[in-house]
Amino acid sequence: MSTDVRVAGVGIHPFGRFPDLTVTELGIAAVRAALDEAGDPRFDAAFCGTAYAGVAAGHKVLSAIGRTGIPIVDVEAGCASGAAALMLAAGAIRAGQYDTVLVFGIEKMPKGIIRSTFFEPWREAAGLAATPAYFALRAQRLQREANVTKEQLAQVVVKNRRHGVHNPDAMFRRETTVEEVLGSRLVCEPLHLFMLCSPNEGAAAVVLRRAADAASDAVRLDAAVLRSHLPGSVLGEATPMSGVEDDDIPPPSTLAARDAYAAAGVGPTDLDVVECQDTDAARELLSYEELGLCERGEQGRLLEEGTTALGGRLPVNPSGGLLSKGEPLGASALGQVVELTRQLRGTADARQIEGARVGLAHTVGRGANASVTIVSR
Amino acid sequence: MSTPRRVPVRSGLFDDDAGDVVLLGARCRTCGRPQFPRSATCPYCSSVDVEPVRLAGVGTLWGWTTVHTAPPGYDGPVPFGFGVVELSAGLRVITRLEIGDGAALQFGQPMQAAIVALHTDHDGDTVVTYSFAPTP
Ligand SMILES: [Zn+2]
């Protein structure tokens, strides 16, 4: 069954830097907003996505508002942590275990290149844990194999930052230009500083409810899929030390997209709006082909024709994407669901995509973990 | 003061005992796929029937960039080259690169392994790792 889970309420704490707020306080704000929208404050279980908030981080949020007693499960799946929590919650409702589940994601990230326990110490000592360098190698491969230009990488940033101007929950709300992006500090060729998203802080929450108990016009959660990588791709998000010829190895984002399209009974041409992982500018363009939005090599044209900009046929990252919002790992995927829900309800204000009915959200990162979520109304 | 010794950043990664630098990998006897670094299991088919192989330190350049800021946990010099070399055994390996001005490089150009210094440890020894440089 793909039609029996609804989004009863969403809430978000803006993404940015909040030195005076704890990660618990960020979570409280998002959770309270989502529960307010959901009307009935009762929920049967809670799943909390976070990678850096520590032991029982979800419990601390719900303790502060006196909503413990129910099962609370913290979930870590890198950039897909919030989506993993969503998958578990939706599955539990579909299985009949719960009627209403609170899903939230919270994060307060350190500044700069994220130190990860993922890499062994020798790999750090050898300089081989340089995360932006992996992004850069992936970008270079996309340039080589999909004819993406450095100018197009800059155009992704210009597009998403233009969208972000209209999002009060985004960290960067100023437009930029191709010249400014290419003039920003070179991090790892071909990636300049403005082409990389900022790890930051924030929280987002979604209340899921079985359809029988939800408003009949509530946004439907058609698919919440999480997949991991298959072995072999040296530049895949699993960041192995070696790999083999990988043209026939589907990346985890493709695996998740295929499952999600099948579960939702839709395909790429049915989509009205997409929120995708734009950790760096090339990552967004790679996502286009991995999600089936275009064939390999077509993404540059899609971007330049304005297809994926607000006003185009299939706007991608109308929220401004991670390039405008920043990326609080645990909250990121649920922030996308908040945006899609608002788009489908017609309450996205200046970012509104007229008549949006079907939306897709995508994350991919450390693990590798990839998620694809599909909602409709 | 004794002469600084050369200490590998991790044992079992590489050696140059016979002169040329080799990477210490393995090959799965079940599915035939190569791996690096060497492990007791096959990351493709989960077989434990894995045999050690010495991978010749020659290949072609498959990807490259330059790291300008020291990443977390790294005490070596910056900037440094970083990329992927495709070994003649068909394995694509993450590696440091001795590339100087990256603009002069070409996809597919011949590369060969070298051993390079990273930093001096608390015993005064020189910590070294494998790297790849364009074949002269
Ligand atoms: Zn095998």
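The following refers to the structure shown. Along each chain, residue indices are assigned from 1 in the same order as the chain's sequence is written. Written order determines the labels here, with chains lettered from A and ligands numbered from 1. Only residues with pLDDT of at least 70 get local features here, since the model is predicted, and only at 80 or more are side-chain atom pairs given and counted; chain-wide, interface and lining totals rely on the full set of residues. Only hydrogens and water are removed before side-chain values are computed, so all heavy atoms of the structure are retained for them.

## Quick notes on the overall build of chain B
- Secondary structure elements follow DSSP: runs of H or I of four or more residues count as helices, runs of E of two or more count as strands, with numbering from the N terminus. The secondary structure content of chain B amounts to zero helices and ten strands.
- Ordered by position in the sequence, the α and β elements of chain B form the string β-β-β-β-β-β-β-β-β-β.
- Taken along its principal axes, the extent of the C-alpha atoms in chain B is 45 × 40 × 30 Å.
- Taking all 136 residues of chain B together, the buried fraction comes to 48%.
- Here the analysis covers contacts within chain B between residues at least 6 apart in sequence; of these, 49% occur between residues at least 24 apart.
- Lys and Arg are tallied as positive, Asp and Glu as negative. Neither His nor the chain termini are counted. Where a charge lies is defined by one atom per residue type, namely NZ (Lys), CZ (Arg), CG (Asp) and CD (Glu). Each charge class in chain B was averaged separately, 10 positive and 13 negative side chains, and the resulting centres sit 8 Å apart. Accessibility here uses a 1.4 Å probe with only protein chains present; expressed as a share of the type maximum, an area under 20% marks a residue as buried, one over 50% as exposed, and anything in between as partly exposed. For this analysis, residues touch if any pair of their heavy atoms sits within 4.5 Å.

## Considerations on the packing of helix α5 (residues 131-146) of chain A against helix α9 (residues 281-290) of chain A
All names here are of chain A.
- The axes used here are C-alpha line fits, helices contributing only the stretch in contact, and every angle between their N-to-C directions lies in the interval 0 to 180 degrees. Put simply, α5 and α9 touch, their axes get as near as 9 Å, and they point 50° apart. Considered as vectors, α5 and α9 are oriented oblique to each other. Crossing hand, α5 versus α9: left-handed. Residues Arg-138, Ala-139, Leu-142 and Ala-146 of α5 form the contact with α9, whose own contacting residues are Ala-282, Arg-283, Leu-285, Leu-286 and Glu-289.
- When residues are sorted by character, Ala, Val, Leu, Ile, Met, Phe, Trp, Tyr, Cys and Pro go into the nonpolar class, Asp, Glu, Lys and Arg into the charged class, and all the rest, Gly among them, into the polar class. Its residues assigned to classes, the contact of α5 with α9 shows six nonpolar, no polar and three charged. Any angle that falls under 35 degrees is termed roughly parallel, while one over 145 is termed roughly antiparallel, one within 65 to 115 roughly perpendicular, and all others oblique. Definitions for this section: a left-handed crossing has its near helix turned counterclockwise from the far helix by less than a right angle. A right-handed crossing has that turn clockwise.

## Looking at the pairing of strand β3 (residues 72-75) of chain A
Residues and elements named next belong to chain A.
- Pairing between two strands is assigned when DSSP locates at least 2 bridges connecting them. Bridge count between strand β2 (residues 45-49) and β3: four bridges; the pairing is parallel. Residue pairing in the sheet places Ala-46 in a bridge with Ile-72 of β3.
- Crossovers are described as right-handed under a simple rule: with the strands pointing away from the observer, the path leading from the first strand over the helix to the second runs clockwise. Read as a crossover between parallel neighbours, the route from β2 over helix α2 (residues 57-64) to β3 is right-handed.

## Some points on the packing of helix α6 (residues 150-164) of chain A against α9 of chain A
Residue and element names in this part refer to chain A.
- Remark: α6 packs on α9, axes separated minimally by 8 Å, with the N-to-C direction vectors making an angle of 90°. Here α9 runs roughly perpendicular to α6, going by the angle between their axes. Seen from α6, the contacting residues are Leu-153, Val-156, Val-157, Lys-159 and Asn-160; seen from α9, they are Ala-281, Ala-282, Glu-284, Leu-285 and Tyr-288.
- Among the residues making up the contact of α6 with α9, the classes are represented as seven nonpolar, one polar and two charged.

## Considerations on the environment of Arg-6 of chain A
Residue and element names in this part refer to chain A.
- Mapped onto the secondary structure, Arg-6 falls in strand β1 (residues 5-16).
- Residue classification places Arg-6 among the buried positions, given a relative accessible area of 15%.
- Along the backbone, Arg-6 and Arg-209 are 203 residues apart, and their C-alpha atoms lie at a distance of 5.3 Å.
- Excluding anything up to four places from it in sequence, Arg-6 contacts Val-207, Leu-208, Arg-209, Ala-211, Ala-214, Ala-215, Ser-216, Asp-217, Ala-218, Val-219, Arg-220 and Leu-221.
- A 3.5 Å cut-off defines polar contacts: any pair of N or O atoms within that distance qualifies, except that in protein one atom must be a possible hydrogen donor and the other a possible acceptor, and neighbouring residues in sequence count only when both atoms are side-chain atoms. Here the side chain of Arg-6 touches Ser-216 through a polar contact of 3.1 Å, landing on its backbone oxygen.
- Only 3.0 Å separates the side chain of Arg-6 from the backbone oxygen of Ala-218, close enough to count as a polar contact.

## As for the packing of aromatic side chains
- Centres within 6.5 Å are what make two rings of Phe, Tyr or Trp a pair, Trp counting through its six-membered ring; a difference in plane orientation under 30 degrees is then read as stacked, over 60 as edge-to-face, and the rest as tilted. In total, this model carries six aromatic pairs over all chains according to the counting rule given.
- With 5.7 Å between their ring centres and 85° between their planes, Phe-118 of chain A and Phe-119 of chain A make a pair best called edge-to-face.
- Ring geometry for Tyr-134 of chain A and Phe-82 of chain B: centres 5.0 Å apart, planes at 80°, overall edge-to-face. Here Phe-82 of chain B lies in strand β7 (residues 80-87) and Tyr-134 of chain A lies in helix α5, a pairing that spans two chains. By the burial criterion, Tyr-134 of chain A is buried, and Phe-82 of chain B matches it.

## Topic: the coordination of the zinc ion
Residue and element names in this part refer to chain B.
- A donor here means any N, O or S atom no more than 2.8 Å from the metal (3.2 Å for Na, K and Ca); water is not included, so a site may seem to lack partners. Coordination of the zinc ion by the protein is provided by Cys-28 (SG), Cys-31 (SG), Cys-42 (SG) and Cys-45 (SG), with metal-donor distances spanning 2.2 to 2.4 Å.
- Coordination at the zinc ion comes from four donor atoms whose angles at the metal span 103 to 119°, giving a geometry best classed as tetrahedral.
- Site description for the zinc ion: donor spacing in sequence, C-x2-C-x10-C-x2-C. Placement of the pair is Cys-28 in strand β3 (residues 22-28) and Cys-42 in the loop between β4 (34-35) and β5 (50-56), with a sequence separation of 14 residues. Per residue, the accessibility class of Cys-28 equals that of Cys-42, and both read buried. Geometry is assigned from the angles between donors: four donors with all angles from 85 to 135 degrees make a tetrahedral site, four or six donors whose opposite pairs exceed 155 degrees while the rest stay between 65 and 115 make square planar or octahedral sites respectively, and everything else is labelled irregular.

These values are about where atoms sit, not about what they do.
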